[in-house]
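Here's the letter readout for the chains.
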Amino acid sequence: MEKNTLNHLEQLESESIYIIREVFSNFERPGIMFSGGKDSILLTYLVQKSFAPAKIPFPLIHIDTGHNFPETIQYRDELVARLGVDLVVGSVQELIDLGQIKEEQGIHANRNLAQIPALLHIIEKNQYDALLGGARRDEEKARAKERIFSHRDEFGGWNPKNQRPELWNLYNGKKNIGEHFRVFPISNWTELDVWMYLAQEKIPLPDLYFAKPRRVFERNGMLISENPYSQIKSDEVIEEQMVRFRTMGDITITGAYPSEALTIEEIIQEISISRTTERGSRADDKRSETSMEDRKKEGYF
């Protein structure tokens, strides 16, 4: 008798579903961090598959900076309606208006750091004890240090030097009052794996991922989409180029890539020969060599 074997994507899917069900059995109030990017979209569909035909048992949690791509918000709302999932929104603008967050000023100002207090506020308000996220280990060196069950202290902080072993797929969810976990079910996926799975499952995506003529300007070697939040310097020229986005963040800090890829199949081909990482188009990662790790220590996702 032939032994049934899983292919590469089936193995990744099986591992992710196992982790998601472990979260359901270990924690009382989990949630799904949702950015509107391809990884959080993939994660949401994996959660759906984990519990089908039942409804997704966790809410989607979106930290809204107010500087999102309009397409991201539209996609989020359509997804929520399509899947019948609950949505919880944490508003950075609301905390700025209340004087609880001080907004950055200047040409390079953005609201990336402002997401941290907004996220911690939502966690405390709703008493979440585990948040599932779509981070992958191949994205960035700080994320490569994460465990799958990543412990956070009572202040939301992460200590990369004090992490728990995860031998034989045994995950330690023990925590004290006020602490919580960030859980990364797609840790072992690569960017190419994600795109191949999205293509296989025919999962709809925001059109930001596909090439089209867009109005952009160049700043620090990146193409930034024209938007109402960025201050344009006198030597910066807005022009139309054929571009797409490989990662999804605020419109002010997410760089576009010149591209002709109109389909997922063309994106897969493009990524297969690319020598740059998707996080190379994020201005928030370029502030220092340790910018991501510093943010994560403070509570960033």
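Residues numbered from 1 in each chain as written. Predicted model: local features only at pLDDT ≥ 70, side-chain atom pairs only at ≥ 80, totals over all residues. Heavy atoms only, no water.

Chemist: Hey, could you run me through unusual backbone geometry in this one?
Modeler: Residues other than glycine predominantly adopt negative phi, and peptide bonds predominantly adopt the trans conformation. The omega torsion across Ala52 and Pro53 is 10 degrees, close enough to zero to call that bond cis. Mapped onto the elements, Pro53 comes out in the loop between α2 (38-51) and β2 (60-64). The backbone phi angle of Gln127 is positive, close to 55 degrees, even though this residue is not glycine. When you line up the elements, Gln127 lands in the loop between α5 (115-126) and β4 (130-132). Backbone geometry places Asn169, a non-glycine residue, at a positive phi of 60 degrees. Tracing the chain through its elements places Asn169 in the loop between β5 (149-152) and β6 (180-183). (Helix = DSSP H or I, 4+ residues; strand = E, 2+ residues; numbered from the N terminus.)

Chemist: Got a minute to help me understand the sheet that holds β2 in this structure?
Modeler: Sheet strands pair via backbone hydrogen bonds, and the direction of the pair is either parallel or antiparallel. Read from one edge to the other, the open sheet built from six strands follows the order β3-β2-β1-β4-β6-β5, with strand pairing classed as mixed. Edge positions in the sheet fall to β3 (87-91) and β5, since each of these pairs with one other strand and no more. Along the sheet, successive strands turn relative to each other by an average axial angle of 30 degrees, direction set aside. Two elements, strand β1 (residues 30-33) and β4, share three bridges in a ladder whose sense is parallel. By the bridge assignment, Pro30 is partnered in β4 with Ala130. Running over the sheet, α2 touches β1, β2 and β4 and is turned about 145 degrees from β1. (Pairing = 2+ DSSP bridges. Axes fitted to C-alpha atoms, helices over the stretch in contact; angles between N-to-C directions. Contact = heavy atoms within 4.5 Å.)

Chemist: Explain the packing of aromatic side chains here, please?
Modeler: Each aromatic ring pair is specified by the distance between its two centres and by the angle formed by the two planes. Summed over all chains, the structure comprises eleven aromatic pairs. Ring geometry for Tyr18 and Tyr171: centres 6.3 Å apart, planes at 50 degrees, overall tilted. You can see Tyr18 sitting in helix α1 (residues 8-26) and its partner Tyr171 sitting in the loop between β5 and β6, a full 153 residues away along the chain. Aromatic rings pair up to connect Tyr18, Phe27, Phe149, Tyr171 and Phe181 into one cluster. In this arrangement the basic side chain of Arg82 is found over the ring face of Tyr75, its NZ or CZ atom lying 6.0 Å from the centre. If you follow Arg246 out to its NZ or CZ, it ends over the ring of Tyr257, 5.1 Å from the centre. (Phe/Tyr/Trp six-rings, centres within 6.5 Å; stacked < 30°, edge-to-face > 60°. Lys NZ or Arg CZ within 6 Å of the ring centre and 35° of its normal.)

Chemist: Hey, could you run me through the pairing of β6 in this one?
Modeler: Residues in a regular strand point their side chains to alternate faces of the sheet. Here β6 shows two buried faces, one formed by His180 and Arg182 and the other by Phe181 and Val183. In this sheet, β6 lies alongside β4 in parallel orientation, the contact comprising three bridges. In the sheet register, Leu132 faces β6, and the bridge partner there is Val183. Where β5 meets β6, four bridges bridge the pair, whose relative direction is antiparallel. (Buried < 20%, exposed > 50% of the residue type's maximum accessible area, 1.4 Å probe, protein only.)

Chemist: Whenever I open this one, the pattern of salt bridges confuses me. Can you help?
Modeler: Pairing between side chains of opposite charge can happen when their charged atoms approach one another. Counted according to the given criterion, the structure contains 15 salt bridges. Lys49 is the salt-bridge partner of Glu13, the closest N and O atoms lying 2.8 Å from each other. With Glu13 in helix α1 and Lys49 in helix α2, the pair connects residues that are 36 residues apart, well separated along the chain. By relative accessible area, which is 16% here, Glu13 ends up buried. Between Lys49 and Glu201 there is a salt bridge; the shortest N-O distance is 3.0 Å. Taken together, the positions of Lys49 in helix α2 and Glu201 in helix α6 (residues 191-201) put the pair 152 residues apart, joining distant regions of the chain. Looking at Glu201, the relative accessible area reads 31%, which means it is partly exposed. One continuous salt-bridge network, built from bridges that share partners, spans Lys38, Asp39, Arg136 and Asp138. (Salt bridge = Lys/Arg side-chain N within 4 Å of Asp/Glu carboxyl O.)

Chemist: Before we go on, may I ask you to explain the nonpolar core in this structure?
Modeler: Within soluble globular proteins, side chains that are nonpolar generally end up buried alongside one another. Phe149 and Trp195 are the most contacted members of the largest nonpolar core, which totals 54 residues. Every element with two or more residues in this core is listed here: α1, α2, α3 (70-83), β4, β6, α6 and α7 (264-272). Examining the composition of this core, we find that seven residues originate from one element, α2, more than from any other. Apart from residues lying up to four places away in sequence, Trp195 is in contact with Lys38, Leu205, Tyr209, Arg244, Ile264, Ile267, Ile268 and Ile271. (Core = buried A, V, L, I, M, F, W, Y, C linked by side-chain atoms within 4.5 Å.)

Chemist: Help me understand the pairing of β1, please; the structure alone is not making it clear to me.
Modeler: Burial of the side chains of β1 extends over both faces: Pro30 and Ile32 are buried on one face and Gly31 and Met33 on the other. As judged from the two bridges shared by β1 and β2, these two strands associate in the parallel manner. Residue pairing across strands places Met33 opposite Ile61, the latter belonging to β2. With α2 bridging β1 and its parallel neighbour β2, the resulting β-α-β unit is right-handed. (Right-handed = clockwise from strand over helix to strand, strands pointing away.)

All we've got here are geometric facts, nothing functional implied.
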